[in-house]
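Here are the chains, one letter per residue:
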Amino acid sequence: MRAFIAVDITPATIDKISTALEPLKSRLNGLRWVTPSNIHLTLKFLGNVDEKKISAIGEALADTLHPFQRFTINAKGLGVFPSIKKPRVLWVGLDGNELTTLAAAVDSALAPLGFSRDEKIFTPHLTVGRWRQTERFDAEFEQELRNWRHYEFGATLVNEVILFESVLQPAGAIYHRLKVVTLKTDRVS
(Lines give C-alpha, C1' and ligand atoms only; values in the text may rest on other atoms or scores of the structure.)
Protein backbone atom coordinates (compact mmCIF):
# COMPACT_ATOMS: atom_id res chain seq x y z
CA MET A 1 0.00 0.00 0.00
CA ARG A 2 1.08 3.61 -0.57
CA ALA A 3 1.66 5.36 2.74
CA PHE A 4 2.83 8.65 4.22
CA ILE A 5 3.12 10.31 7.63
CA ALA A 6 1.41 13.65 8.12
CA VAL A 7 -0.22 16.23 10.35
CA ASP A 8 -3.82 17.29 9.74
CA ILE A 9 -4.64 20.99 9.48
CA THR A 10 -7.67 22.47 11.24
CA PRO A 11 -10.83 22.80 9.13
CA ALA A 12 -10.99 26.56 9.83
CA THR A 13 -7.52 27.06 8.35
CA ILE A 14 -8.35 24.87 5.34
CA ASP A 15 -11.55 26.88 4.79
CA LYS A 16 -9.63 30.15 4.93
CA ILE A 17 -7.05 28.84 2.43
CA SER A 18 -9.80 27.67 0.05
CA THR A 19 -11.72 30.94 0.29
CA ALA A 20 -8.67 33.16 -0.07
CA LEU A 21 -7.32 31.28 -3.10
CA GLU A 22 -10.66 31.04 -4.93
CA PRO A 23 -9.95 34.16 -7.08
CA LEU A 24 -6.72 32.54 -8.34
CA LYS A 25 -8.50 29.50 -9.77
CA SER A 26 -9.58 31.25 -12.96
CA ARG A 27 -6.11 32.80 -13.48
CA LEU A 28 -3.87 29.76 -12.95
CA ASN A 29 -4.37 27.66 -16.04
CA GLY A 30 -3.34 24.04 -15.94
CA LEU A 31 -3.21 23.93 -12.14
CA ARG A 32 -4.82 20.84 -10.58
CA TRP A 33 -6.09 22.04 -7.20
CA VAL A 34 -5.82 19.74 -4.18
CA THR A 35 -9.20 18.83 -2.72
CA PRO A 36 -9.50 20.79 0.56
CA SER A 37 -10.11 17.58 2.55
CA ASN A 38 -6.74 16.27 1.29
CA ILE A 39 -4.65 19.27 2.36
CA HIS A 40 -2.19 18.20 5.06
CA LEU A 41 1.43 18.62 6.13
CA THR A 42 3.47 15.64 4.91
CA LEU A 43 6.28 14.82 7.32
CA LYS A 44 7.52 11.81 5.33
CA PHE A 45 6.34 10.04 2.19
CA LEU A 46 6.96 6.31 2.51
CA GLY A 47 5.85 5.11 -0.93
CA ASN A 48 4.77 1.49 -1.29
CA VAL A 49 4.86 -0.31 2.06
CA ASP A 50 4.25 -3.95 2.87
CA GLU A 51 1.11 -4.20 5.03
CA LYS A 52 3.09 -6.32 7.49
CA LYS A 53 5.25 -3.28 8.31
CA ILE A 54 2.35 -1.02 9.35
CA SER A 55 2.35 -2.17 12.98
CA ALA A 56 6.14 -1.73 13.27
CA ILE A 57 5.89 1.75 11.74
CA GLY A 58 3.19 2.70 14.25
CA GLU A 59 5.26 1.39 17.16
CA ALA A 60 8.41 3.19 15.99
CA LEU A 61 6.48 6.46 15.68
CA ALA A 62 4.85 6.04 19.10
CA ASP A 63 8.19 5.27 20.78
CA THR A 64 9.99 8.20 19.15
CA LEU A 65 7.23 10.81 19.35
CA HIS A 66 6.10 10.01 22.90
CA PRO A 67 8.09 12.86 24.50
CA PHE A 68 6.92 15.52 21.99
CA GLN A 69 4.67 18.25 23.37
CA ARG A 70 1.74 19.58 21.36
CA PHE A 71 2.54 22.83 19.58
CA THR A 72 0.98 25.40 17.26
CA ILE A 73 1.89 26.09 13.64
CA ASN A 74 0.80 28.97 11.42
CA ALA A 75 -0.16 28.76 7.75
CA LYS A 76 1.35 31.84 6.16
CA GLY A 77 2.30 32.95 2.67
CA LEU A 78 2.02 31.47 -0.80
CA GLY A 79 4.77 30.29 -3.11
CA VAL A 80 5.82 27.83 -5.79
CA PHE A 81 8.29 24.95 -6.07
CA PRO A 82 10.85 24.60 -7.48
CA SER A 83 10.98 28.19 -8.80
CA ILE A 84 8.81 30.93 -10.29
CA LYS A 85 10.47 30.23 -13.66
CA LYS A 86 9.49 26.53 -13.60
CA PRO A 87 6.63 26.11 -11.14
CA ARG A 88 5.28 22.62 -10.48
CA VAL A 89 3.67 23.06 -7.04
CA LEU A 90 1.67 25.90 -5.50
CA TRP A 91 2.06 25.88 -1.72
CA VAL A 92 1.04 27.61 1.49
CA GLY A 93 3.94 28.00 3.92
CA LEU A 94 3.99 26.79 7.50
CA ASP A 95 5.99 28.17 10.37
CA GLY A 96 6.72 26.68 13.74
CA ASN A 97 10.25 25.74 14.80
CA GLU A 98 9.09 22.37 16.13
CA LEU A 99 8.10 21.13 12.66
CA THR A 100 11.68 20.56 11.54
CA THR A 101 12.46 18.72 14.78
CA LEU A 102 9.32 16.61 14.42
CA ALA A 103 10.10 15.69 10.79
CA ALA A 104 13.69 14.77 11.73
CA ALA A 105 12.39 12.54 14.56
CA VAL A 106 10.01 10.76 12.17
CA ASP A 107 12.87 10.27 9.71
CA SER A 108 15.12 8.83 12.44
CA ALA A 109 12.38 6.56 13.80
CA LEU A 110 11.86 4.89 10.44
CA ALA A 111 15.50 4.49 9.36
CA PRO A 112 15.92 1.22 11.36
CA LEU A 113 12.89 -0.16 9.47
CA GLY A 114 14.65 0.30 6.14
CA PHE A 115 13.23 3.65 5.06
CA SER A 116 15.80 5.96 3.50
CA ARG A 117 16.51 9.20 5.28
CA ASP A 118 15.29 12.26 3.43
CA GLU A 119 18.16 13.99 1.68
CA LYS A 120 16.23 17.15 0.87
CA ILE A 121 15.96 19.88 3.45
CA PHE A 122 12.53 19.71 5.08
CA THR A 123 10.45 22.71 3.98
CA PRO A 124 7.14 22.77 5.87
CA HIS A 125 4.32 23.54 3.44
CA LEU A 126 0.83 22.59 2.35
CA THR A 127 0.53 21.65 -1.31
CA VAL A 128 -2.60 23.36 -2.64
CA GLY A 129 -2.09 22.74 -6.36
CA ARG A 130 0.11 21.01 -8.94
CA TRP A 131 0.85 21.87 -12.54
CA ARG A 132 1.10 18.94 -14.94
CA GLN A 133 3.26 21.09 -17.19
CA THR A 134 5.54 23.97 -16.31
CA GLU A 135 3.75 27.30 -16.59
CA ARG A 136 5.33 30.61 -17.55
CA PHE A 137 4.31 33.59 -15.48
CA ASP A 138 4.60 37.25 -16.23
CA ALA A 139 6.10 39.86 -13.93
CA GLU A 140 2.60 40.78 -12.75
CA PHE A 141 2.02 37.30 -11.30
CA GLU A 142 5.48 37.28 -9.73
CA GLN A 143 4.56 40.53 -7.94
CA GLU A 144 1.19 39.10 -6.88
CA LEU A 145 2.96 36.09 -5.41
CA ARG A 146 5.22 38.44 -3.42
CA ASN A 147 2.09 40.20 -2.12
CA TRP A 148 0.91 36.86 -0.65
CA ARG A 149 4.18 36.36 1.25
CA HIS A 150 2.79 37.53 4.62
CA TYR A 151 -0.85 36.49 4.24
CA GLU A 152 -2.06 34.70 7.40
CA PHE A 153 -4.31 31.70 6.73
CA GLY A 154 -4.63 30.55 10.34
CA ALA A 155 -3.16 28.44 13.11
CA THR A 156 -3.32 24.71 13.82
CA LEU A 157 -2.61 22.90 17.06
CA VAL A 158 -0.41 19.92 16.22
CA ASN A 159 -1.60 17.30 18.67
CA GLU A 160 -1.15 14.11 16.64
CA VAL A 161 0.93 12.55 13.89
CA ILE A 162 -0.86 10.21 11.51
CA LEU A 163 0.22 7.30 9.34
CA PHE A 164 -2.02 7.43 6.26
CA GLU A 165 -2.71 5.05 3.43
CA SER A 166 -3.13 6.80 0.07
CA VAL A 167 -5.45 5.07 -2.38
CA LEU A 168 -5.13 6.54 -5.87
CA GLN A 169 -8.41 7.04 -7.71
CA PRO A 170 -9.15 8.73 -11.08
CA ALA A 171 -10.79 11.63 -9.23
CA GLY A 172 -7.85 11.99 -6.83
CA ALA A 173 -6.32 10.24 -3.84
CA ILE A 174 -8.37 9.02 -0.89
CA TYR A 175 -6.60 8.94 2.47
CA HIS A 176 -7.27 6.43 5.26
CA ARG A 177 -5.87 6.77 8.77
CA LEU A 178 -3.90 3.67 9.73
CA LYS A 179 -2.20 4.74 12.98
CA VAL A 180 -2.38 7.87 15.12
CA VAL A 181 0.26 8.98 17.61
CA THR A 182 -1.03 11.57 20.08
CA LEU A 183 1.48 14.14 21.31
CA LYS A 184 1.70 15.07 25.00
CA THR A 185 -0.21 17.93 26.52
CA ASP A 186 1.82 20.45 28.44
CA ARG A 187 0.22 19.35 31.71
CA VAL A 188 2.30 17.20 34.03
CA SER A 189 0.36 14.32 35.58
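For the structure, see preceding data.
Residues numbered from 1 in each chain as written. Predicted model: local features only at pLDDT ≥ 70, side-chain atom pairs only at ≥ 80, totals over all residues. Heavy atoms only, no water.

A. Local environment of the pattern of salt bridges. Applying the stated criterion across every chain, the model contains 7 salt bridges. For E142, the salt bridge identified is with R146, shortest N-O distance 3.9 Å. You can see E142 and its partner R146 sitting in helix 4 (residues 139–147), 4 residues apart, about one turn around the helix. On the accessibility criterion, E142 (19% relative accessible area) is buried. According to the relative accessible area criterion, R146 is partly exposed, its value standing at 39%. (Salt bridge = Lys/Arg side-chain N within 4 Å of Asp/Glu carboxyl O. Helix = DSSP H or I, 4+ residues; strand = E, 2+ residues; numbered from the N terminus. Buried < 20%, exposed > 50% of the residue type's maximum accessible area, 1.4 Å probe, protein only.)

B. View of the sheet that holds strand 9 (residues 174–182). In space, the 4 strands of this open sheet follow the order 3-1-8-9, with antiparallel pairing throughout. The open sheet has two edge strands with one neighbour each: strand 3 (40–48) and strand 9. Sheet twist, expressed as the average angle between the axes of neighbouring strands with direction ignored, equals 25 degrees. As paired strands, strand 1 (residues 2–8) and strand 3 are joined by 7 bridges and run antiparallel to one another. Residue pairing for strand 3: A3 is matched across the bridge by G47. Together, strand 1, strand 3, strand 8 (160–167) and strand 9 form the strand contacts of helix 2 (residues 54–65), whose direction differs from that of strand 9 by roughly 40 degrees. Against the sheet, helix 3 (residues 98–110) makes contact with strand 1, strand 3 and strand 8, and its axis sits at roughly 15 degrees relative to strand 3, the strand it touches most. (Pairing = 2+ DSSP bridges. Axes fitted to C-alpha atoms, helices over the stretch in contact; angles between N-to-C directions. Contact = heavy atoms within 4.5 Å.)

C. Main features of unusual backbone geometry. In this structure, P82 follows F81 across a cis peptide bond, with omega equal to -10 degrees. Along the chain, the position of P82 falls in the loop between strand 4 (71–81) and strand 5 (89–95).

D. Summary view of the sheet that holds strand 4. Across the sheet, 5 strands lie side by side as 2-6-5-4-7; this open sheet has antiparallel pairing. Strands with a single pairing partner mark the edges of an open sheet, and in this sheet they are strand 2 (31–33) and strand 7 (152–158). On average, each strand axis in the sheet is inclined to that of its neighbour by 30 degrees, with strand direction left out of account. Pairing between strand 4 and strand 7: 6 bridges, direction antiparallel. Looking at the pairing, I73 lines up with T156 of strand 7.

E. Representation of helix 4. Of the positions making up helix 4, those classed as buried are F141, E142 and L145. The arc that holds the buried residues of helix 4, viewed along the axis, is 105 degrees, so those residues lie on one side. Away from its buried face, by an angle of more than 90 degrees, helix 4 presents the exposed residues A139, E140 and N147. If you follow the buried residues of helix 4, they end up packed against strand 4. (Arc of directions from axis to C-beta.)

F. Expanded view of the packing of aromatic side chains. Using the criterion set out here, one finds 7 aromatic pairs in the structure. When the ring of F4 is compared with that of F164, the centres are 5.1 Å apart and the planes differ by 20 degrees; the resulting orientation is stacked. With F4 in strand 1 and F164 in strand 8, the pair connects residues that are 160 residues apart, well separated along the chain. The two residues F4 and F164 agree in class, both being buried. Between the aromatic rings of W148 and F153, the centroid separation amounts to 6.1 Å while the plane-to-plane angle is 5 degrees, which identifies the pairing as stacked. Exposure remark for W148: the relative accessible area of 15% places this residue in the buried category. (Phe/Tyr/Trp six-rings, centres within 6.5 Å; stacked < 30°, edge-to-face > 60°.)

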